[in-house]
2 protein chains.
Amino acid sequence: VSSHAQLAPDPSGPRVRALEAALRAAIRSGRLTAGDRLPPSRALADDLGLARATVVEAYTQLRAEGYLSSRRGAGTWVAHDAHVPAAVPGAIAPDKPADRPPRFNFTPGLPDLTAFPRTAWTRALRRGLRDLPASSLGYNDPRGRPELREALASYLARTRGVAADPELVVVCAGFSHALALLSRILRRHGVRRIAMEDPYLWWHRNIAATAGLEVVPVPVDEHGARTNLLPETRAGVALLAPAHQFPLGALLHPERRTAAIAWARATDSLVIEDDYDAELRYDRPPVGALQALDPDRVIYAGTASKTLAPGLRLAWILVPRALLEPVRTLRWAEDVHVAATEQIALAQLLLAGAFQRHVRRMRTRYRARRDRLLAMLAERVPDASPVGIAAGLRVLLELPPGSPPAEELAAQASRRSIELFPVGPCYHDGRARYGAPDGLVLGYAGLPEHDFENGLTALGDLLARSLSLR
Amino acid sequence: VSSHAQLAPDPSGPRVRALEAALRAAIRSGRLTAGDRLPPSRALADDLGLARATVVEAYTQLRAEGYLSSRRGAGTWVAHDAHVPAAVPGAIAPDKPADRPPRFNFTPGLPDLTAFPRTAWTRALRRGLRDLPASSLGYNDPRGRPELREALASYLARTRGVAADPELVVVCAGFSHALALLSRILRRHGVRRIAMEDPYLWWHRNIAATAGLEVVPVPVDEHGARTNLLPETRAGVALLAPAHQFPLGALLHPERRTAAIAWARATDSLVIEDDYDAELRYDRPPVGALQALDPDRVIYAGTASKTLAPGLRLAWILVPRALLEPVRTLRWAEDVHVAATEQIALAQLLLAGAFQRHVRRMRTRYRARRDRLLAMLAERVPDASPVGIAAGLRVLLELPPGSPPAEELAAQASRRSIELFPVGPCYHDGRARYGAPDGLVLGYAGLPEHDFENGLTALGDLLARSLSLR
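All values derive from a computational prediction rather than experimental measurement. (Residues numbered from 1 in each chain as written. Chains lettered and ligands numbered in written order. Predicted model: local features only at pLDDT ≥ 70, side-chain atom pairs only at ≥ 80, totals over all residues. Heavy atoms only, no water.)

### With respect to the packing of aromatic side chains
Part 1: In the structure shown here, the tally under the stated rule is six aromatic pairs over all chains.
Part 2: When the ring of Phe116 of chain A is compared with that of Trp121 of chain A, the centres are 6.0 Å apart and the planes differ by 50°; the resulting orientation is tilted. As far as the burial class goes, Phe116 of chain A and Trp121 of chain A line up, both buried.
Part 3: Measuring from ring centre to ring centre gives 5.3 Å for Tyr139 of chain A and Trp203 of chain B, while their planes differ by 80°; the resulting arrangement is edge-to-face. With Tyr139 of chain A in the loop between helix H4 (118–131) and helix H5 (146–160) and Trp203 of chain B in helix H7 (residues 202–210), this residue pair bridges two chains. Both residues of the pair, Tyr139 of chain A and Trp203 of chain B, belong to the buried class. (Phe/Tyr/Trp six-rings, centres within 6.5 Å; stacked < 30°, edge-to-face > 60°. Buried < 20%, exposed > 50% of the residue type's maximum accessible area, 1.4 Å probe, protein only. Helix = DSSP H or I, 4+ residues; strand = E, 2+ residues; numbered from the N terminus.)

Set out below in C-alpha cells:
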C-alpha cells in the first residue's frame, strides 16, 4: 500500500537562486520596470545555457514574491506592484532565506538577535511548565492564557497608559497575524477600505489587500499622519502608528490624535494602533497610547518582535468589547490560539521582571548605537539629514539634493554585501513626491554588537564615496 | 494624554455562567430546538430576578458559541446549527473554560495531558536554542525551520510511508490552522465544495464553512468513506481520514483508497488526508499513508496534538508542489510562520528519538486503557457494542435497541459530573439515520492515569443503571 511515488528531482539549486537574485536586483534597481515582458522560459534558458526547469522555477518563485505576474498564454511580465515587492530579502519581511546573507544588513525591522535572552527564555518556560495545570496543555481560550493576559494588561497599563482589561487582551502570532485577523473580520462586517499612513510598511498593505481591503493612503508630515483627512478616505478602519510612524519617525501631534478619535466616532469606524516599538524611546518622554482616549474605538496592538525576537511570533491586541466575540469565533475556526508554551514563557518573563530588565538593557545598547550612527553620519555625509531619531531601531537618512537615487545607492551597496533599504517603495505610489522625504531607512539594531563598528565604517565609506561623486 | 477611559463594570459572574449552562443544557438535551424563540432579555431577567445585563451577556456568549442566533428587531432564537454546536465544552474543541471541569471527562480528542514530557520538552528547547544561529530568531521561511522539516520528512517516510520531500513540508499551528489555510486557498482558486466523511468532526465543518466552502457529506460504512460516491459531490477537495475515521473508527478499504485517487485525478481535485492519530495503532499493522499513492493529489496532514499536546499548536502538512507557492504566499500575508522556539524543540525531540520513545510509551498506556475499558463494557453493558477499537484514543459505543437517546445519557452523566460525547451531532443532519451507528464516543485517553480506574467505575455504574432501565 505504501508504494512510494517518486517525485521529480528538485531543480532548486545555486543556478535557480542566482537567476532569482539577478532578476530581483534588475527589478529593484529599475532596469526592469512594471509591465516589462520577460522572455519565454525556453528562450531565456537557451540564452543563458540553463535548463528550462531552472528558469521556470525562478519565475515561479518571483511570482510568489510579487515581482512578476503571468497569465497562461500571455507570458510573464514585471508586476505592476513590483516597486512594492511582496517580500524584500533582509530584515523587515520574511523571505526565502538568502543564499548568502549580506555582510552588513542595515534594513530596518530586526532587533539584535544575538541578544535574545536564550537562557532566561528557557528558564521561564521551565518554571512556567512546572506550575501549569495539565489541562492548560489542551485546547485553550483563543484569547490566550489568562496569566499572560493579566501580565500584559498590567504591563501595558503601567508602561503605555492603555485602558487594559485582561478579558479584552488577545494574544496573536505576531502583528501580521493580528492585522490579517482584524482585516478579515472587518471585511466580513462590511468594511471595504483601510486608511494607512503614506509612506507605510508595504508588507502591511499586502496583508490588508489579501484580506480584501482596499488601502487608502493618508499623507504624513513631521507631525504624523494628517488625520484631519481621514473623513475623505471613506475608510472603515485606519492603521496608525501614533508613537513612532514608520518610516518617517514622527510622533502623532495631540490635535491629530483627537482628530483620529473624532473621525472614528463620527463615522462609526475603528483605529488600529500599531505600537510596535513602544518600549524604545531615547530623547523624549513616553507618550501614552492613543487607545486610552477611546478603548471602544481603538484596537491597541503590541509585539515582542522588537523587544525579544520576531521568530517567537508573539503579539497582543486589546480589542473593543464589541470585537471580542468576532475575534474569538474566527480563531476557533482557524489557529485556535498561540502555543501555550510560548505564552507561559512570556508570562513568566513579565511576572519576574526579566522582560523589563531585558528591555532596559537593550534600550541602552540601541541608544548608544544610534548616537554612534548619528556621529558617523555627521562626519562622513554632513549634507544628509537623519530624520526620526528620537525612538526606535532606525533613522531615515534624507539624501541631499542632487544625490543619486536611493535605489541606486542600495544597488551599489549590494555589490559590497551591504544591504540597504530605500524608502521609496514605502510610498503608496512607489516613490516620494511633492517634497516628501526620500532616502534610506537605516536600521541600526540588527547587526550583532561585535560587528556594529565594522558595519558603521563600511556604511560610512560607501555613503561618503557615493554622495561625493554627485 | 493617558487619561484612562473607564470601562463599564463587567457583569460576568456566577449568575451569568449558571444561566449560560442552563441554556446550553436545554439546547443540547433538545428541550429547546432550532428556531425556538427566547424571551426578550428584559422579560427573562424579570422572570428570573436577574439583572438584564446578566441575561444579555449570557445570550451574547451563546451566540458566540453558535447556540443562539439573533437579529436586531427580530429577537433571539435557537440557532439552526445548534445541534452542531460551534463549541462543545470538554476536550474536542476549544471553548470558554468551564467554571468547574467535569470530574471525569470522556469526550474524545485529548491525550493524557499529565503525561506531556515537560522536562524533555524544556531540555530539547535548551539544546535547540544553544546551537541555533541568531538569524533563525528573525523572520523565517513560512514553511518552517529546515531542521524540523527534514526531521519530519524522515520520520513520516519511515513511519507512514509518505513520499516526503522536506521542501514540501509546511509546519502549521495545529490541524485546524492547516485546514483553514487550505480551505481559504482552495476557495480562492475556485473550489466551492468540500466533501467530508459523514459523520465527521463538526468542528472541521465550521472551519471549512468559515472559509467559504460548502460541506457535502459522503456516507461512511465499516470500510470507511464511500469514496465511489465522490464524483456525485461535485467537490473540488475531499477531507478523508483513511487510517482511522472519526468517529466510526473505520480503516479505508484499499479499493476505496484507489477510488479516491481516481476521483481526484479525473476531476482535477485534491484529497486532504487527516492522519491525526497515525502513531496509535494496537491490533493491526500500520497502513501506509494514502498520500504515497499520488503526492500531487493528496495533501498529507499530521499533528502533535494526540502524541504530545494540542496546546502546542503544532501540525504539519506535505503539499503537492503546485500548492507550495500559494501556501507560502498566504502565510506571508498572515501569521508568517509558527514560533521558531517550538519548532526547534520538536525537531530536537525527533532527532534525539525522544519523541518516538514517548509515543511508544503512550501507545502501551493507551492500549492497556482500551483493554480495561472494553472489559468493563463487556461486563457492565454487554448489549452495547464498541466499534472502532483497533486504534486511536476512543471507541464508539453503539447503544442497544430501545436505549435512551445518547443525548439523554449525556445529560444524565452531566448531572454526575461525567462528560460524555453523543455521536449524533457528528452526522451531517445532526443525527444518525437509516441504520447508521448511534451512541457515545468514549475518549479513554484524557483522564489522568491515577484517576482512570475511578472514571471507569463511575462510567460503568452510570451506563449499567441507565441501560437497565429501558
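Now that the structure has been shown, the text picks up again.
### Structural notes on the pairing of strand S5 (residues 169–172) of chain B
Residues and elements named next belong to chain B.
Part 1: Here S5 shows a buried face lined by Val169 and Val171 and a second buried face lined by Val170 and Cys172.
Part 2: The pairing of S5 with strand S12 (residues 315–318) spans four bridges and is antiparallel. Across the sheet, Val171 pairs through a bridge with Trp316, a residue of S12. (Pairing = 2+ DSSP bridges.)

### Notes on helix H6 (residues 175–188) of chain A
In an α-helix there are 3.6 residues to a turn, and that puts residues three or four apart on one side.
Residue and element names in this part refer to chain A.
Part 1: In this model, H6 (14 residues) spans 20 Å end to end at C-alpha, consistent with the 20 Å of a helix rising 1.5 Å per residue.
Part 2: Of all 14 residues in H6, 12 are buried, a share of seventy percent or more.
Part 3: Among all positions in H6, only Phe175, Ser176, His177, Ala178, Leu179, Ala180, Leu181, Leu182, Ser183, Arg184, Ile185 and Leu186 are buried.
Part 4: Residue Gly190 follows H6 closely and has a positive phi angle near 100°. (Expected span 1.5 Å × (residues − 1).)

### Quick word on the sheet that holds strand S14 (residues 394–398) of chain B
Through backbone hydrogen bonds, the strands of a sheet pair up, either in parallel or in antiparallel fashion.
Residues and elements named next belong to chain B.
Part 1: With antiparallel pairing, the four strands of this open sheet are ordered in space as S13-S14-S17-S16. Strands at the two margins of the open sheet, each flanked by one partner only, are strand S13 (385–387) and strand S16 (421–422).
Part 2: Judged from the three bridges that link them, S13 and S14 form a sheet pairing that is antiparallel. Bridge assignment links Ser385 to a residue of S14, and that residue is Glu398.

### A closer look at the side chain of Gln343 of chain B
Part 1: Turning to its location among the elements, Gln343 of chain B is positioned in helix H11 (residues 340–351).
Part 2: When neighbours within four sequence positions are excluded, Gln343 of chain B is seen to be in contact with Gly144, Arg145, Leu148, Val171, His337 and Val338 of chain B. (Contact = heavy atoms within 4.5 Å.)

### Regarding the pattern of salt bridges
Part 1: By the definition in use, this model includes 48 salt bridges over all chains.
Part 2: Its salt-bridge partner being Arg369 of chain B, residue Asp112 of chain B comes within 3.0 Å of it at the nearest N-O pair. Within this pair, whereas Asp112 of chain B is found in the loop between strand S4 (104–105) and helix H4 (118–131), its partner Arg369 of chain B is found in helix H12 (residues 354–380), the two being separated by 257 residues in sequence.
Part 3: One salt bridge connects Arg331 of chain B with Asp335 of chain B, and the closest N-O pair in it is separated by 2.8 Å. Neither residue differs from the other here; Arg331 of chain B and Asp335 of chain B are each classed as buried.
Part 4: Among the ionic contacts, a cluster of salt bridges with common partners joins Asp112, Arg365, Arg369 and Glu449 of chain A. (Salt bridge = Lys/Arg side-chain N within 4 Å of Asp/Glu carboxyl O.)

### Here we look at the interface of chain A and chain B
Part 1: With 84 residues of chain A in contact, the opposing surface of chain B contributes 86 residues.
Part 2: Taking both partners together, chain A and chain B bury about 6700 Å²; carbon and sulfur atoms supply 62% of that area.
Part 3: Counting the surface chain A buries against chain B, the share from its top three residues, Arg118, Tyr139 and Trp332 of chain A, is 12%.
Part 4: Taken together, chain A and chain B are joined by two salt bridges.
Part 5: With its nearest N and O atoms 3.5 Å apart, the salt bridge here joins Arg184 of chain B to Glu334 of chain A.
Part 6: On the surface where chain A and chain B come into contact, there are 22 residue pairs in polar contact (both at pLDDT 80 or more).
Part 7: Of all the secondary structure elements, the ones that give two or more residues to the side of chain A that touches chain B are helix H3 (52–64), H4, H6, helix H7 (202–210), helix H10 (321–332) and helix H11 (340–351) of chain A.
Part 8: Sort the elements by how many residues they give to the side of chain A that touches chain B and H4 of chain A lands first, with seven residues.
Part 9: Partitioning the side of chain A that touches chain B into residue classes produces 42 nonpolar, 21 polar and 21 charged. (Buried area = accessible area lost by both parts, 1.4 Å probe. Polar contact = N/O pair within 3.5 Å; in protein donor to acceptor, adjacent residues only side chain to side chain. Nonpolar A, V, L, I, M, F, W, Y, C, P; charged D, E, K, R; others polar.)

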